[in-house]
Structure formats: C-alpha cells, structure tokens
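Given next are the chains, with one letter for each unit.
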Amino acid sequence: MIRLTRPSLGDEELHELERVLASGQLVQGPAVAAFETALAEALRVSPASVVACSTGTTALQLALAALSVGPGDEVVLPDFVFPSVASAVLYTGATPVVCDVDPESFNVDEGTVRAAMTERTRAVIAVHQFGVPCDVESLMNALPCPVIEDAACALGTRGATGFAGTQTGLGCFSFHPRKIITTGEGGAVIARDPAHATRLRHLRQHGMRFGTAGVDFPEVGYAARMSELHAAVGLAQMRKLDAIIAGRARAAAAYRVRLSRIDAVRTTRWTWHPDRVYQGLVVLLDAALDRTRVISGLRERGVESTIGTYAIHAQAGFQSVVRVSPGGLRGSRYAADHCLTLPLRPDMTDDDIDQVCAALGSVIPHAGASA
Ligand SMILES: Cc1ncc(COP(=O)(O)O)c(C=O)c1O
C-alpha cells in the first residue's frame, strides 16, 4: 500500500530522544528552548517570539488569548479547514463565524472575510491551507481587526513580507505527523510583540509566573506545554527541514507531469505555486465523478487517498455553535465535495508516483457519478 504520508524519522530522532531520557528532565528544559531557537532561525524571527506548545489547536487558543478574545466576541475563519480551528475559538467563549474560501487556492480573501464580519468581530484566523500562501498582507491592510495566521500546514511557505506564520504578529504552527515536520503532537505560536510572547509563556504553563520572590499565578492558564521528548524529535526534524521541503516539492513536480495527462483531475496555479510548501498534494476531481468510488478504487489498487479537508458548517457537532457567513459558502462546499488528497512524502520515488497516477487513471473511467 502506498500510504498517504509517513514522517521522515530515523536515528537522529532516536539519538535526541535518548539524550532527553538520560537527562531525566522531561518538561521545560533545554530541548524545548533549542527547538524554539531552531524554529526561530528557520523562520528568521527572534527566538524570544517563539512559544512552543502541545498542539496546533492550543497554539491557536494561545494566540486568541493573547488578543484577549472572549465571550461576546466573534472570530472569522474559513469554513473549509480542520474543525479544531473553530474549537479553539469556542474554547475562548467567542463565536466562530465560518466564511467562504476561494475554490482554487482554498484560502480566504478580503471579500469572503468582509462578508462575515460584524461590529463584534475581534479577530480573523487566516489559514495557509495545505501550504498555499494566503494573502495576509492584504487582509491586514484592509481589515480593522487583528489577523492570526494559521500556518499549521505551511512551515516554509513564503509570503509577501516573510515566512507564513511570521507576517501578522501572531502565527500558529502544528507539528502533528501529517504536517511538514513532526514532534508527534506539538505546536508553536510566533508572537512578535514581546508582551504577548511573555504572557503566552505563562499561559502555556498553567498561568505560572517565575519571579525573584518565587512563583505566582497572575491569571488562569492552560496545560499546554510541549514536553522535552516532543521537542527532542522536533529538534532532529528541524535539521532536516530544508531536505523535507525540497523532497516534498520534488515529489509534487513529478506528479505535475503525470497528472496533466488525466483530464478528470484538475489542478490550479496554486497547486504548483513556487512559494508554497506541500503539506499534501490536493487536487480537484471533475464534479461528475463519485469521489468515494475514486478513493475506494485507489485503495483496491494499493493507493491510500482521502478527501481534502472538512467543511465545518456541515459537521453535526459544530452546526449549532458556529455562525455561517451571510456571504455563503459556495467555494467551501465545492472544495469539500471535490478535493482529493494523494500520497506525498519527501522520499517518494518516481515509481511510487507512477503507480499512484496509473491507479488514478485506471479508476477514473469506472468512477462516474452514482445514479
Ligand atoms: C489548518 C490547521 N490548523 C490547525 C490544526 C490543528 O493542529 P493539531 O492537530 O496539532 O491540533 C490543523 C490540523 O490538522 C490544521 O490543518
């Protein structure tokens, strides 16, 4: 079976893990600090602005906390995204308002965000979906509220004023195994304002503040630390970051030639955008095809694939707790119904990609719309 993805793990990660285990220090030690510094160097930001934490979802929760978002507030986010982005907003007591995305880039733009805004909008979460750069510069210039960048899938994506996650003052990353690099579970906030960064360091650790007179708890925080073990894996991963990004881009380029020969598979200029990284290779299937049959047909031929991501408004658990933008969700519905994610790993061979594309080519003539 050609799996959707597999993290690039090896002796380097084992060695770093052994070092942490031998030290006996499993939380808030040198590995987390070193991981934060490595991330800062890669993103060309100050190490003081990087706050590692337990997951990408807690990173968003911390970023919202930095802005003191709370009950009575609204936060605009894309409808077509992993639903925990809305969960992070709900945890603050605020209301998530889901807005439409461009069905080609899968990202929000000024028009889709504005259609969702009200006088209660306190922040916008702009996602660089699948690694495709979202134009956060335009959003920042046009909108009267702060923009949080969700770069969970976009470590290394380049934007107009810097790397994704560093452009708006508050950016979030995830290091889940399906992301560009992994720590097992993990996340980070990039907080450019030193006051935000200091507060988030307290908040990630139960609100604890360490002073000369001892520890106090100036506000209620979260159990949101990254452990030394997770950071150890991340440190080894960061040393391979350039190779991982290049390997993913190479695999995408190999797909490009082969997919161009399959009419029912559509890609856009964003699929091949030079500034992006590839969290996954997400294509659009012809609207007449039954995607479920494509996915099961691929599985029968030894290829794992899946949908792009979810439309939050369509998930039962979210329907009564999110507000839908009056601008509608046409692009999001389209993307949610027709996207297909194909296997992508930095170490994929051309033979693997030939096999995926041959399977796709053979399954599509048999995967017409169901009656
Ligand atoms: C865009 C986006 N933001 C946030 C998250 C949440 O990250 P985590 O799973 O690390 O909590 C995900 C996870 O898939 C995601 O795709």
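Numbering of residues starts from 1 in every chain and runs along the sequence as written. With the structure being a predicted model, the display of local features is reserved for residues of pLDDT at least 70 and the display and counting of side-chain atom pairs for 80 or more, all residues being used for whole-chain, interface and lining totals. Only hydrogens and water are set aside when side-chain values are computed; all heavy atoms of the structure are taken into account.

Caption draft 1: Representation of the overall build of the chain within the structure. Comment: elements are numbered from the N terminus, with helices defined as DSSP H or I runs of at least four residues and strands as E runs of at least two. Each helix and strand in the chain was counted, giving 13 helices and 16 strands. Taking all 371 residues of the chain together, 57% fall into the buried category. Should any heavy atoms of two residues lie within 4.5 Å, those residues are counted as being in contact. Taking the contacts inside the chain whose residues are at least 6 apart along the sequence as the reference set, 69% of them involve residues at least 24 apart. Accessible surface, the chain: about 15300 Å² in total, of which carbon and sulfur atoms supply 53%. Between the mean site of the 34 positive side-chain charges and the mean site of the 38 negative ones, the chain shows a separation of 1 Å. Only protein chains enter the area calculation, which uses a 1.4 Å probe; residues under 20% of their type maximum are buried, those over 50% are exposed, and those in between are partly exposed. Computed with a 1.4 Å probe, the accessible areas rest on the Shrake-Rupley method; for each residue, only the protein chains presented here act as cover. Counted charges follow a simple rule, with Lys and Arg positive, Asp and Glu negative, and His plus the chain ends left uncounted. Charged side chains are reduced to one point each, which is NZ for Lys, CZ for Arg, CG for Asp and CD for Glu.

Caption draft 2: Main features of the site of the ligand. We define proximity as follows: a residue is near a molecule or strand when any one of its heavy atoms falls within 4 Å of that partner. In the vicinity of the ligand lie 14 residues, with Gly-56, Thr-57, Asp-150, Ser-174 and Lys-179 positioned nearest. The definition of a polar contact used here is a pair of N or O atoms within 3.5 Å, where within protein one atom must be able to donate a hydrogen and the other to accept one, and adjacent residues in sequence count solely through side-chain atom pairs. A distance of 2.8 Å separates an oxygen atom of the ligand from a polar atom in the backbone of Gly-56. Between the ligand and the protein, one listed contact pairs an oxygen atom with a side-chain N or O atom of Ser-174 at 2.7 Å. For the ligand, the protein covers 89% of the area, taking 390 Å² as the surface of the free molecule. Where the shell around the ligand is concerned, the elements lending two or more residues are α3 (56-66) and α4 (84-92). A breakdown of the residues in the shell around the ligand according to their chemical character gives six nonpolar, six polar and two charged. Residue classes follow a fixed rule: Ala, Val, Leu, Ile, Met, Phe, Trp, Tyr, Cys and Pro count as nonpolar, while Asp, Glu, Lys and Arg count as charged, and any other residue, Gly among them, counts as polar.

Caption draft 3: Helix α13 (residues 350-363), seen in detail. Helix span is expected to be 1.5 Å times the residue number reduced by one. An ideal rise of 1.5 Å per residue puts 20 Å on 14 residues; α13 measures up with 20 Å between its terminal C-alpha atoms. For α13, every residue scored as buried is listed here: Asp-352, Ile-353, Val-356, Cys-357, Ala-359, Leu-360 and Val-363. The buried residues of α13 occupy an angular sector of 155 degrees when the element is viewed end-on, so they sit on one face. Residues Asp-351 and Ala-358 are exposed on α13 and point more than 90 degrees away from its buried face. What the arc measures is the spread of directions leading from the helix axis to the C-beta atoms.

Caption draft 4: Spotlight on a nonpolar patch on the surface. There is a patch of nonpolar side chains on the surface, built from Leu-21, Leu-26 and Val-27 and spanning about 250 Å² of accessible area. As for its placement among the helices and strands, Leu-26 is situated in the loop between α1 (11-23) and α2 (30-43). For Leu-26, a relative accessible area of 39% puts it in the partly exposed group. Residues enter a patch when their relative accessible area is above 30% and they make no salt bridge; the linking distance is 9 Å between like charges and 5 Å between nonpolar side chains (Val, Leu, Ile, Met, Phe, Trp, Tyr). A carboxyl oxygen of Asp or Glu within 4 Å of a side-chain nitrogen of Lys or Arg is what we treat as a salt bridge.

Caption draft 5: Representation of the side chain of Glu-149 in the model. Its place among the elements puts Glu-149 in strand β5 (residues 147-150). Despite its burial, Glu-149 pairs with no opposite charge, the nearest such side chain being Arg-192 at 6.4 Å. At 2.6 Å, the side chain of Glu-149 and the backbone nitrogen of Gln-167 are in polar contact. Once residues lying within four places of it in the same chain are set aside, the contact partners of Glu-149 are Ala-126, His-128, Val-136, Phe-163, Ala-164, Gly-165, Thr-166, Gln-167, Thr-168, Leu-170, Gly-171 and Cys-172.

Caption draft 6: Just the confidence of the model for the chain, in detail. Each residue gets a pLDDT score, which is the predictor's confidence in that residue and runs from 0 to 100. In the predicted model, the chain carries a mean pLDDT of 97, and 99% of its residues have values of at least 70. Mean pLDDT values for the elements of the chain range from 93 in strand β10 (residues 209-211) up to 99 in strand β2 (residues 74-78).

Caption draft 7: Quick peek at the packing of α3 against helix α7 (residues 194-203). Their axes nearest at 10 Å, the elements α3 and α7 cross at an angle of 125 degrees. As the angle between them shows, α3 and α7 are arranged oblique. α7 is crossed by α3, and the crossing has right-handed handedness. Here Leu-62, Ala-65 and Ala-66 of α3 come into contact with α7, specifically with His-196, Arg-199, Leu-200 and Leu-203. A breakdown of the residues in the contact of α3 with α7 according to their chemical character gives five nonpolar, one polar and one charged. In this description, a line fitted to the C-alpha atoms serves as the axis of each element, helices being fitted only across the stretch in contact, and the angle between N-to-C directions of two axes falls anywhere from 0 to 180 degrees. Angles below 35 degrees are treated as roughly parallel, those above 145 as roughly antiparallel, those between 65 and 115 as roughly perpendicular, and all remaining angles as oblique. Left-handed is the label given to a crossing in which the near helix is rotated counterclockwise from the far helix by less than a right angle, and right-handed is the label when the rotation is clockwise.

Caption draft 8: Region of interest: the environment of Val-51. As for its placement among the helices and strands, Val-51 is situated in strand β1 (residues 50-53). Linking Val-51 and Ile-190, residues 139 residues apart in sequence, is a C-alpha distance of 6.4 Å. Ignoring sequence-local partners within four residues, the contact set of Val-51 consists of Glu-36, Gly-187, Ala-188, Val-189, Ala-197, Leu-200, Arg-201 and Arg-204.

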